[in-house]
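The chain contents come next:
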Amino acid sequence: MRGNLAKAFEWTNTQVIRSAPLPKSYTDYLGHKLFLFLLTVQGLGAFALITLGVLLKKSGVAHSVMQPRIRHEISRAGVALLPMFLFVALALGFVVVGQTVSALAKFGQINFLGSTMVIVIVRELGPLLAAMLVLARVGTAHVIELGTARALGEVEALEVLGIDPVHYLIVPRVIGMALGIFSLTVYLIIGALASGYLFAFLQDVPLRPMDYLKQIAGALNWLDFALLALKTVAFGFFIAIVTCYHGLAQPLRLEDVSRVAVRAVTQGVIVCVLIDAVFIVLYLVT
Amino acid sequence: MSEISTIPAIAMHGVSVAALRDPLLTVVADVNWSVAPGEFWVIAGQEQSGKSDLLMLAAGLMLPAVGECQIFGREPEVFGEAEPAERQRVGFVFQGGHLFNQLTLTENVALPLRYAQNLSGAEAAKPVAALLELFELTSLADVTPANLAANWRQRAALARALILQPEVLLLDNPLAGLNPRHRQWWLNFLEQLGRGHEFFGGRPLTLAVTTDDLHLWRQPSRKFAALHAGKFFPLGSWDDENFSRHPAVKDLLFAPNENKI
């Protein structure tokens, strides 16, 4: 188990590279950074595969212990964030949707409302904003909790007790975050579209609720639902992998935890943007 | 039973031990050590001598940098794929306990049992309560480790290590930071475990403890080893002729002992 856990980090052994003196020329410096980036990608990829393997292989192991942990993580990355997401949905509706509706109405282009809303809110802003908020609220907590547990020797304690740390610590967080981001994105999209219409209504935009709904429903197709589910689950899975990797897969001291948390959040944002780019290509191709 | 008596519980041949936090740093080299079932070993060494790393290697938590380490005749790396029952034959008590801070004492002790046997909290309650009573921890059952004194944390860690009734128990400096009353309790309890405690079915446990103070472990039936200058030295028993002459022993017998405060 320890072998599995350590492989993701020790194969790459980025500590050695990081502690090496910085090269003097700009090209060497760039190469050094690129090399570090590739090592991180390799470590994250190995960690993701190990987690996926454990997730599938141990799905039925110790479910009396694991089910409450999974429920707790779903609650933490989903249910507990509902009030905040309601506020963000209202804000997004007022700021983006309401203004878009009134601007399209002003220029007589209200027929484009459905496709505009689907592209802006359903495909892009909704999932990305939900992922960023969950990364900030829950992802950082993951790094700090796991980093502290690692620094205090709790991971080694799990291993000697015959408990796979990836199964016990990572799997519930991955499931919780994937389901949490998916559910919160749906709430965020519905909330933003509803509050956006409310804002437009208050501005006396000549658009009946049924027409607004028909336009949006008409612009949506089955692929939007399928890719939205895939995209949000991918966001959740990879945010959990990045944050757990930095918290768990390397030996830490307590003073390292804050530095690692910053690095994990930065990489989490980059990963989300990359996933988003992949899905943009998918939308364009399909 | 005959298989258990012939295969060493722990066997190391030409092993180099790397530091847990820095796999590139070798802390102890050339370890040749064999622990037979039922033996009680005391491994002494100064601070930073590699005691904890050696014990973690013996528990299968780390792989040797060089050489061969076997636990019950198997390479520890095999444990990753083996049934958890294989790993549960070895119990480990960390210095300081390493309890899970977000869980209560009952939850800490119950966790390995619940995970191994897929039990609910209610199903695990009875054996856990019995063990807590044995360790005089019943009144502290619902307390989290952060709110416990170090003496009781260490005792709870021992209870957690014994809940699955391992055959080998490895203890990393278990007496460090304990007051005299608790220290005496530990010495008596470990002696009983070595002989076979009735609570655990009377089966003698194989024990290995590390220490930085040899005095506390003086007992003719125990076997001693020392870590000195990055090397592992088997010393034999306390009464052996060469025991007190070894330079490592001299240091460890006269080392300032914080536990006596």
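Right above here is the structure, for reference.
Residue positions are given per chain, counted from 1 along the sequence in the order it is written. Here every chain gets a letter starting at A, and every ligand a number starting at 1, in the order they are written. The predicted origin of the model limits local features to residues at a pLDDT of at least 70 and limits the giving and counting of side-chain atom pairs to 80 or more, whereas totals for whole chains, interfaces and linings rest on all residues. To obtain the side-chain values, all non-hydrogen atoms of the structure were included, while hydrogens and water were left out.

Colleague: I'd like a description of the packing of aromatic side chains, backed by residues and values.
Modeller: For any pair of aromatic rings, geometry is given as the distance between the ring centres together with the angle between the planes. We call Phe, Tyr and Trp rings a pair once their centres come within 6.5 Å, taking the six-membered ring for Trp, and we label the pair stacked below 30 degrees between planes, edge-to-face above 60, and tilted otherwise. Applying the stated rule across the entire model yields 15 aromatic pairs over all chains. Relative to A:Tyr212, the ring of A:Tyr197 lies with its centre 5.0 Å away and its plane at 40°, an arrangement referred to as tilted. With A:Tyr197 in helix H8 (residues 165-202) and A:Tyr212 in helix H9 (residues 209-219), the pair connects residues that are 15 residues apart, well separated along the chain. Categorising residues by exposure relies on relative accessible area from a 1.4 Å probe, with only protein chains included: less than 20% of the type maximum marks a residue as buried, more than 50% marks it as exposed, and the intermediate range marks it as partly exposed. The exposure class assigned to A:Tyr197 is buried, which follows from its relative accessible area of 13%. Overall, the relative accessible area of 4% leaves A:Tyr212 in the buried class. An aromatic cluster of three or more residues is present, and its members are B:Phe135, B:Trp185, B:Trp186 and B:Phe189. Secondary structure elements are defined from DSSP: runs of H or I of at least 4 residues count as helices, runs of E of at least 2 residues count as strands, and each element is numbered from the N terminus.

Colleague: With reference to specific residues and values, describe the packing of helix H3 (residues 26-57) of chain A against H8(A).
Modeller: Residue and element names in this part refer to chain A. Interhelical geometry of H3 versus H8 gives an angle of 95° and a closest axis separation of 10 Å. Judged on the interaxial angle alone, H8 and H3 are roughly perpendicular. Along its contact with H3, which presents Phe 47, Ile 50, Thr 51, Val 54 and Leu 55, the element H8 presents Val 166, His 167, Ile 170, Val 171, Val 174 and Ile 175. In the scheme used here, Gly and all other residues not listed as nonpolar or charged are polar, with Ala, Val, Leu, Ile, Met, Phe, Trp, Tyr, Cys and Pro taken as nonpolar and Asp, Glu, Lys and Arg as charged. Taken together, the residues that form the contact of H3 with H8 break down as 9 nonpolar, 2 polar and no charged. Axis definition: a line fitted to C-alpha atoms, limited for helices to the stretch in contact. Angles are taken between N-to-C directions and run from 0 to 180 degrees. By the definition adopted for this analysis, an angle is roughly parallel if under 35 degrees, roughly antiparallel if over 145, roughly perpendicular if from 65 to 115, and oblique otherwise. The contact rule is simple, with two residues in contact once any of their heavy atoms fall within 4.5 Å.

Colleague: Account for the pattern of salt bridges, with residues named and values stated.
Modeller: All names here are of chain A. The term salt bridge refers to a pairing of a side-chain nitrogen on Lys or Arg with a carboxyl oxygen on Asp or Glu at a separation within 4 Å. For the structure shown, the criterion picks out 15 salt bridges over all chains. For Glu 145, the salt bridge is made with Arg 76, and the minimal N-O distance between the two is 2.5 Å. Within this pair, whereas Glu 145 is found in helix H6 (residues 113-151), its partner Arg 76 is found in helix H4 (residues 63-77), the two being separated by 69 residues in sequence. Of the residues examined, Glu 145 reaches a relative accessible area of 31% and is grouped as partly exposed. Between Arg 123 and Asp 224 there is a salt bridge whose closest N-O contact spans 2.8 Å. Of this pair, Arg 123 sits in helix H6 while Asp 224 sits in helix H10 (residues 222-248), placing them 101 residues apart in sequence. Bridged by salt links that share partners, the residues Glu 73, Arg 76, Glu 145 and Arg 173 form one connected network.

By themselves, these observations are geometric and do not establish any function.
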